[in-house]
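Letter by letter, the chains look like this.
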Amino acid sequence: MISHEELTDTSYDDIRFEQVIVEEMGTLLPGQLLAACDLSHARSLLEIGCGAGAWLRAVARLYPDLQCIGIDQDERLVKVANALAQRDHLAQVAFLAQELNDLSPTLFPQGSFDLVHLSFLGRYILTADYPRLARMSAALCRPGGVVCWTEAELPITTSAAFERLTSLVCEALQRAGQSFIPESMWEWAELVAAHSGKARVDRSSYQRRHLGITPMLGRWLREAGCGAQRERPIYSIWGIDERIIHQAAYAIEVSAGQPAHQGFVAQARRFARQVKPFLLRTRAIEDQEYAALCDQLDTELSSQEFCGLSFLLRAWAPRP
(Lines give C-alpha, C1' and ligand atoms only; values in the text may rest on other atoms or scores of the structure.)
Protein backbone atom coordinates (compact mmCIF):
# COMPACT_ATOMS: atom_id res chain seq x y z
CA MET A 1 0.00 0.00 0.00
CA ILE A 2 1.44 3.38 -0.97
CA SER A 3 1.98 5.78 1.90
CA HIS A 4 0.35 9.19 2.21
CA GLU A 5 3.82 10.78 2.08
CA GLU A 6 4.68 9.07 -1.21
CA LEU A 7 1.36 10.08 -2.70
CA THR A 8 1.74 13.71 -1.62
CA ASP A 9 5.38 14.10 -2.63
CA THR A 10 5.47 12.33 -5.97
CA SER A 11 2.09 11.98 -7.54
CA TYR A 12 -0.63 14.32 -6.32
CA ASP A 13 -0.23 16.72 -9.26
CA ASP A 14 -0.29 13.82 -11.74
CA ILE A 15 -3.47 12.40 -10.21
CA ARG A 16 -5.26 15.72 -10.09
CA PHE A 17 -4.21 16.67 -13.63
CA GLU A 18 -5.47 13.34 -15.00
CA GLN A 19 -8.79 13.83 -13.22
CA VAL A 20 -9.14 17.35 -14.62
CA ILE A 21 -8.41 16.16 -18.16
CA VAL A 22 -11.11 13.46 -17.83
CA GLU A 23 -13.57 16.04 -16.52
CA GLU A 24 -12.70 18.66 -19.15
CA MET A 25 -13.17 16.20 -22.02
CA GLY A 26 -16.74 15.76 -20.83
CA THR A 27 -17.21 12.07 -21.60
CA LEU A 28 -15.03 9.04 -20.93
CA LEU A 29 -15.64 7.84 -24.49
CA PRO A 30 -17.61 9.30 -27.43
CA GLY A 31 -21.16 8.03 -27.85
CA GLN A 32 -20.38 6.84 -31.37
CA LEU A 33 -17.58 4.65 -30.02
CA LEU A 34 -19.79 3.21 -27.26
CA ALA A 35 -22.43 2.40 -29.86
CA ALA A 36 -19.84 0.30 -31.70
CA CYS A 37 -18.33 -1.20 -28.52
CA ASP A 38 -20.97 -1.59 -25.82
CA LEU A 39 -18.91 -1.84 -22.65
CA SER A 40 -21.93 -3.02 -20.65
CA HIS A 41 -21.63 -6.31 -22.55
CA ALA A 42 -17.84 -6.33 -22.93
CA ARG A 43 -15.49 -8.57 -20.99
CA SER A 44 -12.16 -6.75 -20.84
CA LEU A 45 -10.43 -3.44 -21.57
CA LEU A 46 -6.75 -2.52 -21.83
CA GLU A 47 -5.31 0.98 -21.44
CA ILE A 48 -1.76 1.50 -22.73
CA GLY A 49 -0.19 4.54 -21.07
CA CYS A 50 -2.54 4.58 -18.07
CA GLY A 51 -0.50 6.93 -15.89
CA ALA A 52 -2.06 7.13 -12.43
CA GLY A 53 -5.19 5.44 -13.78
CA ALA A 54 -7.82 8.20 -13.46
CA TRP A 55 -9.54 7.35 -16.76
CA LEU A 56 -9.50 3.59 -16.21
CA ARG A 57 -10.85 3.84 -12.67
CA ALA A 58 -13.68 6.08 -13.90
CA VAL A 59 -14.57 3.50 -16.56
CA ALA A 60 -14.46 0.69 -13.98
CA ARG A 61 -16.89 2.55 -11.72
CA LEU A 62 -19.39 2.80 -14.59
CA TYR A 63 -18.93 -0.81 -15.72
CA PRO A 64 -18.32 -2.95 -12.59
CA ASP A 65 -18.42 -6.22 -14.55
CA LEU A 66 -15.67 -5.12 -16.94
CA GLN A 67 -12.15 -6.45 -16.35
CA CYS A 68 -9.84 -3.43 -16.67
CA ILE A 69 -6.06 -3.57 -17.06
CA GLY A 70 -3.73 -0.59 -17.35
CA ILE A 71 -0.03 -0.58 -18.22
CA ASP A 72 2.56 2.18 -18.08
CA GLN A 73 6.34 2.52 -18.09
CA ASP A 74 6.33 4.75 -15.00
CA GLU A 75 6.56 2.35 -12.04
CA ARG A 76 5.85 5.20 -9.61
CA LEU A 77 2.51 6.00 -11.24
CA VAL A 78 1.58 2.33 -11.54
CA LYS A 79 2.14 1.89 -7.81
CA VAL A 80 -0.12 4.88 -7.13
CA ALA A 81 -2.77 3.61 -9.57
CA ASN A 82 -3.00 0.22 -7.86
CA ALA A 83 -3.25 1.88 -4.44
CA LEU A 84 -6.08 4.12 -5.60
CA ALA A 85 -7.94 1.19 -7.18
CA GLN A 86 -7.65 -0.68 -3.89
CA ARG A 87 -8.85 2.40 -1.99
CA ASP A 88 -11.89 2.64 -4.29
CA HIS A 89 -12.62 -1.11 -3.90
CA LEU A 90 -12.20 -1.73 -7.63
CA ALA A 91 -11.24 -5.37 -7.49
CA GLN A 92 -11.71 -5.74 -11.26
CA VAL A 93 -8.91 -3.24 -12.00
CA ALA A 94 -5.17 -3.99 -12.17
CA PHE A 95 -2.20 -1.88 -13.21
CA LEU A 96 1.12 -3.23 -14.46
CA ALA A 97 4.53 -1.62 -14.95
CA GLN A 98 5.65 -2.59 -18.42
CA GLU A 99 7.85 -1.25 -21.21
CA LEU A 100 5.37 -0.19 -23.86
CA ASN A 101 7.44 -1.52 -26.76
CA ASP A 102 7.59 -4.96 -25.17
CA LEU A 103 3.98 -6.15 -25.16
CA SER A 104 4.89 -9.73 -25.93
CA PRO A 105 2.30 -12.47 -26.63
CA THR A 106 3.24 -14.02 -23.28
CA LEU A 107 1.92 -10.94 -21.47
CA PHE A 108 -1.52 -10.92 -23.13
CA PRO A 109 -2.83 -13.41 -25.71
CA GLN A 110 -3.94 -11.97 -29.02
CA GLY A 111 -7.58 -10.94 -29.20
CA SER A 112 -7.88 -10.60 -25.40
CA PHE A 113 -9.64 -7.24 -25.20
CA ASP A 114 -12.89 -5.70 -26.40
CA LEU A 115 -11.37 -2.20 -26.26
CA VAL A 116 -7.73 -1.16 -26.37
CA HIS A 117 -7.12 2.48 -25.45
CA LEU A 118 -3.75 4.14 -26.08
CA SER A 119 -3.48 7.20 -23.89
CA PHE A 120 -1.17 10.24 -24.20
CA LEU A 121 1.93 8.41 -25.41
CA GLY A 122 3.49 11.60 -26.76
CA ARG A 123 5.33 11.84 -23.42
CA TYR A 124 7.34 8.79 -24.51
CA ILE A 125 8.35 10.27 -27.85
CA LEU A 126 12.04 9.39 -27.41
CA THR A 127 11.40 5.74 -26.54
CA ALA A 128 8.11 4.67 -28.12
CA ASP A 129 7.73 3.01 -31.52
CA TYR A 130 4.25 4.31 -32.36
CA PRO A 131 3.50 2.30 -35.52
CA ARG A 132 4.52 -0.87 -33.69
CA LEU A 133 2.33 0.07 -30.72
CA ALA A 134 -0.62 0.50 -33.08
CA ARG A 135 0.00 -2.95 -34.59
CA MET A 136 0.33 -4.58 -31.17
CA SER A 137 -2.85 -2.87 -29.99
CA ALA A 138 -4.75 -4.16 -33.01
CA ALA A 139 -3.43 -7.67 -32.35
CA LEU A 140 -4.54 -7.52 -28.71
CA CYS A 141 -8.04 -6.34 -29.68
CA ARG A 142 -10.56 -9.05 -30.51
CA PRO A 143 -12.15 -9.02 -33.99
CA GLY A 144 -15.11 -6.66 -33.79
CA GLY A 145 -13.55 -4.75 -30.89
CA VAL A 146 -12.26 -1.18 -31.03
CA VAL A 147 -8.82 0.40 -30.86
CA CYS A 148 -8.94 3.98 -29.53
CA TRP A 149 -6.03 6.45 -29.30
CA THR A 150 -6.15 9.72 -27.35
CA GLU A 151 -3.23 12.05 -27.92
CA ALA A 152 -2.20 15.67 -27.33
CA GLU A 153 0.07 18.24 -28.88
CA LEU A 154 2.20 20.55 -26.75
CA PRO A 155 -0.04 23.46 -25.68
CA ILE A 156 -0.07 26.88 -27.31
CA THR A 157 0.61 29.50 -24.63
CA THR A 158 1.35 33.16 -24.02
CA SER A 159 4.60 32.19 -22.26
CA ALA A 160 7.61 33.12 -24.38
CA ALA A 161 9.68 30.62 -22.40
CA PHE A 162 7.28 27.73 -23.01
CA GLU A 163 7.07 28.54 -26.72
CA ARG A 164 10.87 28.62 -26.83
CA LEU A 165 10.98 25.25 -25.05
CA THR A 166 8.53 23.84 -27.59
CA SER A 167 10.64 25.02 -30.51
CA LEU A 168 13.81 23.62 -28.91
CA VAL A 169 12.21 20.20 -28.41
CA CYS A 170 11.02 20.12 -32.02
CA GLU A 171 14.46 21.20 -33.25
CA ALA A 172 16.19 18.54 -31.15
CA LEU A 173 13.80 15.84 -32.35
CA GLN A 174 14.51 16.85 -35.94
CA ARG A 175 18.27 16.65 -35.34
CA ALA A 176 17.91 13.24 -33.71
CA GLY A 177 15.82 11.87 -36.58
CA GLN A 178 12.77 11.50 -34.34
CA SER A 179 10.50 13.77 -36.34
CA PHE A 180 7.21 12.43 -37.67
CA ILE A 181 8.10 13.89 -41.08
CA PRO A 182 8.85 10.85 -43.28
CA GLU A 183 11.97 10.74 -45.41
CA SER A 184 9.82 10.75 -48.56
CA MET A 185 8.61 14.25 -47.66
CA TRP A 186 12.18 15.56 -47.67
CA GLU A 187 12.87 13.77 -50.95
CA TRP A 188 9.83 15.44 -52.48
CA ALA A 189 10.96 18.87 -51.22
CA GLU A 190 14.42 18.34 -52.68
CA LEU A 191 12.93 17.24 -56.00
CA VAL A 192 10.81 20.41 -56.18
CA ALA A 193 13.81 22.56 -55.24
CA ALA A 194 15.96 20.95 -57.95
CA HIS A 195 13.21 21.38 -60.55
CA SER A 196 12.91 25.09 -59.74
CA GLY A 197 16.64 25.61 -59.91
CA LYS A 198 17.01 26.33 -56.18
CA ALA A 199 19.71 25.04 -53.88
CA ARG A 200 19.26 21.81 -51.91
CA VAL A 201 16.80 21.89 -49.04
CA ASP A 202 18.51 22.86 -45.79
CA ARG A 203 16.88 20.65 -43.17
CA SER A 204 18.57 22.56 -40.36
CA SER A 205 16.62 25.68 -41.31
CA TYR A 206 13.28 23.93 -40.89
CA GLN A 207 11.57 25.14 -37.72
CA ARG A 208 8.69 22.99 -36.53
CA ARG A 209 6.36 24.33 -33.85
CA HIS A 210 4.33 21.21 -33.05
CA LEU A 211 5.11 17.59 -32.28
CA GLY A 212 2.83 16.57 -35.14
CA ILE A 213 1.71 13.36 -33.43
CA THR A 214 -2.05 13.91 -33.71
CA PRO A 215 -2.15 13.98 -37.54
CA MET A 216 -0.45 10.56 -37.53
CA LEU A 217 -3.05 8.68 -35.47
CA GLY A 218 -5.33 7.88 -38.41
CA ARG A 219 -2.45 6.61 -40.54
CA TRP A 220 -1.06 4.40 -37.76
CA LEU A 221 -4.48 2.87 -37.08
CA ARG A 222 -5.09 2.22 -40.79
CA GLU A 223 -1.66 0.67 -41.24
CA ALA A 224 -2.41 -1.57 -38.25
CA GLY A 225 -5.45 -2.88 -40.12
CA CYS A 226 -8.12 -0.99 -38.16
CA GLY A 227 -11.10 0.77 -39.66
CA ALA A 228 -14.38 -0.22 -41.25
CA GLN A 229 -14.57 -0.39 -45.03
CA ARG A 230 -16.24 2.59 -46.70
CA GLU A 231 -19.41 1.90 -48.65
CA ARG A 232 -18.15 4.31 -51.29
CA PRO A 233 -14.34 4.38 -51.45
CA ILE A 234 -12.69 7.79 -51.81
CA TYR A 235 -10.39 8.05 -54.81
CA SER A 236 -7.39 10.38 -54.97
CA ILE A 237 -4.09 10.62 -56.84
CA TRP A 238 -2.61 8.55 -54.00
CA GLY A 239 -5.03 5.65 -54.40
CA ILE A 240 -8.17 4.51 -52.61
CA ASP A 241 -8.93 5.37 -48.99
CA GLU A 242 -11.00 2.37 -47.90
CA ARG A 243 -10.87 2.52 -44.09
CA ILE A 244 -12.84 4.88 -41.86
CA ILE A 245 -11.11 6.29 -38.79
CA HIS A 246 -13.42 8.22 -36.48
CA GLN A 247 -12.05 11.29 -34.71
CA ALA A 248 -13.10 13.79 -32.04
CA ALA A 249 -11.12 16.92 -31.13
CA TYR A 250 -10.95 18.71 -27.78
CA ALA A 251 -9.47 21.99 -26.52
CA ILE A 252 -8.65 22.30 -22.82
CA GLU A 253 -7.75 25.67 -21.34
CA VAL A 254 -4.70 25.64 -19.08
CA SER A 255 -4.73 29.38 -18.32
CA ALA A 256 -4.14 30.80 -14.82
CA GLY A 257 -7.23 30.35 -12.69
CA GLN A 258 -8.61 27.45 -14.73
CA PRO A 259 -8.99 23.89 -13.32
CA ALA A 260 -6.21 22.44 -15.47
CA HIS A 261 -3.65 25.20 -14.77
CA GLN A 262 -1.98 23.85 -11.64
CA GLY A 263 -1.57 20.37 -13.09
CA PHE A 264 -0.26 21.77 -16.36
CA VAL A 265 2.37 23.87 -14.56
CA ALA A 266 3.59 20.79 -12.66
CA GLN A 267 3.68 18.77 -15.89
CA ALA A 268 5.53 21.54 -17.74
CA ARG A 269 8.19 21.82 -15.04
CA ARG A 270 8.72 18.06 -15.04
CA PHE A 271 8.83 18.03 -18.83
CA ALA A 272 11.51 20.75 -18.79
CA ARG A 273 13.64 18.63 -16.44
CA GLN A 274 13.16 15.45 -18.44
CA VAL A 275 14.08 16.90 -21.83
CA LYS A 276 17.13 18.80 -20.59
CA PRO A 277 19.67 15.97 -21.23
CA PHE A 278 18.23 15.43 -24.70
CA LEU A 279 18.40 19.13 -25.59
CA LEU A 280 21.98 19.41 -24.35
CA ARG A 281 23.03 16.21 -26.12
CA THR A 282 21.66 17.42 -29.46
CA ARG A 283 23.21 20.87 -28.84
CA ALA A 284 19.90 22.63 -29.29
CA ILE A 285 20.86 24.84 -26.31
CA GLU A 286 23.70 25.27 -23.82
CA ASP A 287 23.42 24.45 -20.12
CA GLN A 288 23.64 28.01 -18.80
CA GLU A 289 21.08 29.32 -21.26
CA TYR A 290 18.74 26.46 -20.41
CA ALA A 291 18.92 27.24 -16.69
CA ALA A 292 17.90 30.83 -17.44
CA LEU A 293 15.07 29.58 -19.68
CA CYS A 294 13.71 27.38 -16.86
CA ASP A 295 13.78 30.31 -14.43
CA GLN A 296 11.84 32.37 -16.95
CA LEU A 297 9.43 29.47 -17.46
CA ASP A 298 8.66 29.24 -13.72
CA THR A 299 7.91 32.95 -13.56
CA GLU A 300 5.69 33.07 -16.65
CA LEU A 301 3.67 29.94 -15.90
CA SER A 302 2.91 31.22 -12.40
CA SER A 303 1.78 34.64 -13.63
CA GLN A 304 -1.89 35.61 -13.38
CA GLU A 305 -1.57 36.78 -17.00
CA PHE A 306 -0.65 33.33 -18.29
CA CYS A 307 -2.99 31.82 -20.91
CA GLY A 308 -2.79 28.54 -22.75
CA LEU A 309 -4.73 25.93 -24.70
CA SER A 310 -4.02 22.24 -25.04
CA PHE A 311 -5.37 20.47 -28.11
CA LEU A 312 -6.29 16.78 -27.94
CA LEU A 313 -7.44 14.30 -30.54
CA ARG A 314 -9.22 11.00 -29.97
CA ALA A 315 -9.14 8.61 -32.92
CA TRP A 316 -10.80 5.20 -32.96
CA ALA A 317 -11.67 2.40 -35.31
CA PRO A 318 -12.93 -1.19 -35.14
CA ARG A 319 -10.66 -4.12 -35.68
CA PRO A 320 -12.19 -6.16 -38.54
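**Student:** Sorry, what's going on with the packing of helix H6 (residues 160–175) against helix H10 (residues 287–301) here?
**Tutor:** For any two helices packed against each other, the geometry comes down to the angle between their axes and how far apart the axes lie. It is the contact of H6 with H10, at a shortest axis distance of 8 Å, that shows an interaxial angle of 135 degrees. It follows from the interaxial angle that H6 and H10 lie oblique. Here H6 contributes Ala-160, Ala-161, Phe-162, Arg-164, Leu-165 and Leu-168 to the contact with H10, which in turn contributes Glu-289, Tyr-290, Leu-293, Gln-296, Leu-297 and Glu-300. Of the residues assigned to the contact of H6 with H10, the class counts are eight nonpolar, one polar and three charged.

**Student:** What's the story with the side chain of Arg-57 in this structure? I'm lost.
**Tutor:** In this fold, Arg-57 is placed in helix H3 (residues 54–62). Residue Arg-57 is classed as buried on the basis of its relative accessible area of 2%. Aside from chain neighbours lying at most four places away, what touches Arg-57 is Gln-19, Ala-52, Ala-81, Leu-84, Ala-85, Asp-88, Leu-90 and Phe-95.

**Student:** Help me understand the packing of aromatic side chains, please; the structure alone is not making it clear to me.
**Tutor:** Two descriptors summarise a pair of aromatic rings, namely the distance from one centre to the other and the angle between the planes of the rings. In total, this model carries six aromatic pairs according to the counting rule given. With a centroid separation of 5.3 Å and an interplanar angle of 10 degrees, the aromatic rings of Tyr-130 and Trp-220 are classed as stacked. Here Tyr-130, found in helix H5 (residues 130–140), pairs with Trp-220, found in helix H8 (residues 217–223); they are 90 residues apart in sequence, far enough to count as distant. Taking 5.8 Å as the distance between ring centres and 10 degrees as the angle between the ring planes, the aromatic pair formed by Phe-264 and Phe-306 counts as stacked. Of this pair, Phe-264 sits in helix H9 (residues 261–281) while Phe-306 sits in the loop between H10 and strand E10 (308–318); the two residues are 42 residues apart in sequence, bridging distant segments of the chain. The class of Phe-264 is buried, set by a relative accessible area of 5%. Judged by its relative accessible area of 2%, Phe-306 is buried.

**Student:** Teacher, can you tell me more about the nonpolar core here?
**Tutor:** Soluble globular proteins tend to bury their nonpolar side chains together. Grouped together as the largest cluster of nonpolar side chains are 96 residues, with contacts concentrated most on Leu-39, Leu-115 and Leu-279. Residues within four places of Leu-39 in sequence aside, it is in contact with Leu-29, Leu-34, Leu-45, Val-59, Tyr-63, Leu-66 and Leu-115.

Rules of the game
Position numbers for residues count from 1 along each chain, tracking the sequence in the order it is written. With the structure being a predicted model, the display of local features is reserved for residues of pLDDT at least 70 and the display and counting of side-chain atom pairs for 80 or more, all residues being used for whole-chain, interface and lining totals. The side-chain values count all of the structure's non-hydrogen atoms but skip hydrogen atoms and water molecules. The angle between two axes is taken between their N-to-C directions and runs from 0 to 180 degrees, where each axis is a line fitted to C-alpha atoms and a helix contributes only its stretch in contact. Labels follow the DSSP assignment, with helices taken as runs of H or I lasting at least four residues and strands as runs of E lasting at least two, numbered in each case from the N terminus. In what follows, roughly perpendicular refers to angles from 65 to 115 degrees, roughly parallel to angles under 35, roughly antiparallel to angles over 145, and oblique to any angle outside these ranges. Contacts are assigned to residue pairs that have any heavy atoms within 4.5 Å of one another. Any residue that is not Ala, Val, Leu, Ile, Met, Phe, Trp, Tyr, Cys, Pro, Asp, Glu, Lys or Arg is counted as polar, Gly included; the first ten are nonpolar and the last four charged. Only protein chains enter the accessibility calculation, which uses a 1.4 Å probe. A residue is then buried if its area is under 20% of the maximum for its type, exposed if over 50%, and partly exposed in between. Between rings of Phe, Tyr and Trp, where Trp is taken as its six-membered ring, a pair exists when centres lie within 6.5 Å; planes separated by under 30 degrees are stacked, by over 60 edge-to-face, and by other angles tilted. Take the buried Ala, Val, Leu, Ile, Met, Phe, Trp, Tyr and Cys residues and link them wherever side-chain atoms come within 4.5 Å; each set so joined is a nonpolar core.

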